[in-house]
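Survey of secondary and tertiary structure
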Amino acid sequence: MKQIFSILLLSLFVAVPSAAQKPQTIRDVFHTMPDSLAPYLTTNNRLDMMDFMDARMKSVVTNSLDGQTEMLALTDDSLSVRLNSCVLLDLWFVPVDTGRVVALRRTYQVSDRQHQVVEERFTPDWRPLSRLVGKSTLLRRDDDVLNEVK
């Protein structure tokens, strides 16, 4: 009888913590995002933007540089934030064999025809998985200008 009771008690201690862990959402990841990835956006700014989105209000906050930052979209597995007039930040989950990773994309808009895209991958606790991957229209635009001069 003591063995059965011990086994039941042990299984309870093992099963309850694993059942209590809910899957991480993009909200949790955005909340814990390192300040180095968006230095002028504080943790309170990030929380305020999510609260405004929940209340169906315009999700605009004043960042540390006294500029306007706006959350454009928020779902359980992705979000989009316009950090300023030139930078758009997107976060989303990417399924992999071992679970999910976080993809972060920053799009730097130089002009109407020129932009730079930088993508990175992280674990949900923000350990980097890949180096920066950049895609740019800047070099193509330079080629266009050089070809017009000829």
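My aim in this report is to walk through the structure given alongside it, one point at a time.

Here we look at the overall build of the chain
Looking only at helices and strands, the chain features four helices and seven strands. Secondary structure elements of the chain, listed N to C terminal, follow the sequence α-α-α-β-β-β-β-β-β-β-α. Taken over 150 residues, the chain has a buried fraction of 30%.

Some details on helix α3 (residues 43-54)
For α3, built from 12 residues, the straight-helix expectation of 16 Å at 1.5 Å per residue is met to within 8% by its first-to-last C-alpha distance of 17 Å. Taken together, the buried positions of α3 are N45, R46, M49 and M50. Burial along α3 is one-sided: seen end-on, the buried residues are contained in an arc of 135 degrees. Packing partners of the buried residues in α3 comprise α2 (26-31), β1 (60-62), β2 (68-74) and β3 (78-82).

Here's the deal with the side chain of S59
Turning to its location among the elements, S59 is positioned in the loop between α3 and β1. A distance of 2.8 Å separates the side chain of S59 from the backbone oxygen of M49, its partner in a polar contact. Leaving out residues up to four positions away in the same chain, S59 has contacts with M49, F52, M53, T69, E70 and M71.

Concerning the pattern of salt bridges
Under the counting rule described, the total for this entry stands at five salt bridges. Where D35 meets R46, a salt bridge forms, and the shortest distance between an N and an O atom there is 3.5 Å. Taken together, the residues D35 in the loop between α2 and α3 and R46 in helix α3 connect sequence positions 11 residues apart. Using a relative accessible area of 1% as the deciding quantity, one classes R46 as buried. Note that R105 and E119 form a salt bridge whose closest N and O atoms lie 3.6 Å from each other. Here E119 lies in strand β6 (residues 115-122) and R105 lies in strand β5 (residues 99-109), a separation of 14 residues in the sequence. Here R105 falls in the partly exposed class, since its relative accessible area comes to 27%. On the basis of relative accessibility, which here comes to 17%, the residue E119 falls in the buried class.

Focus: the pairing of strand β4 (residues 87-96)
The element β4 is largely enclosed, with a buried count of seven among its 10 residues. Bridge count between β3 and β4: five bridges; the pairing is antiparallel. The residue of β4 that forms the bridge with V81 is L89. The turn joining β3 and β4, which pair antiparallel and follow one another in sequence, is formed by four residues. Inspection of the sheet shows β4 paired to β5 by 10 bridges, in the antiparallel sense. Bridge pairing links V96 to G99 in β5.

Definitions and cut-offs
- Residues numbered from 1 in each chain as written.
- Predicted model: local features only at pLDDT ≥ 70, side-chain atom pairs only at ≥ 80, totals over all residues.
- Heavy atoms only, no water.
- Helix = DSSP H or I, 4+ residues; strand = E, 2+ residues; numbered from the N terminus.
- Buried < 20%, exposed > 50% of the residue type's maximum accessible area, 1.4 Å probe, protein only.
- Expected span 1.5 Å × (residues − 1).
- Arc of directions from axis to C-beta.
- Contact = heavy atoms within 4.5 Å.
- Polar contact = N/O pair within 3.5 Å; in protein donor to acceptor, adjacent residues only side chain to side chain.
- Salt bridge = Lys/Arg side-chain N within 4 Å of Asp/Glu carboxyl O.
- Pairing = 2+ DSSP bridges.

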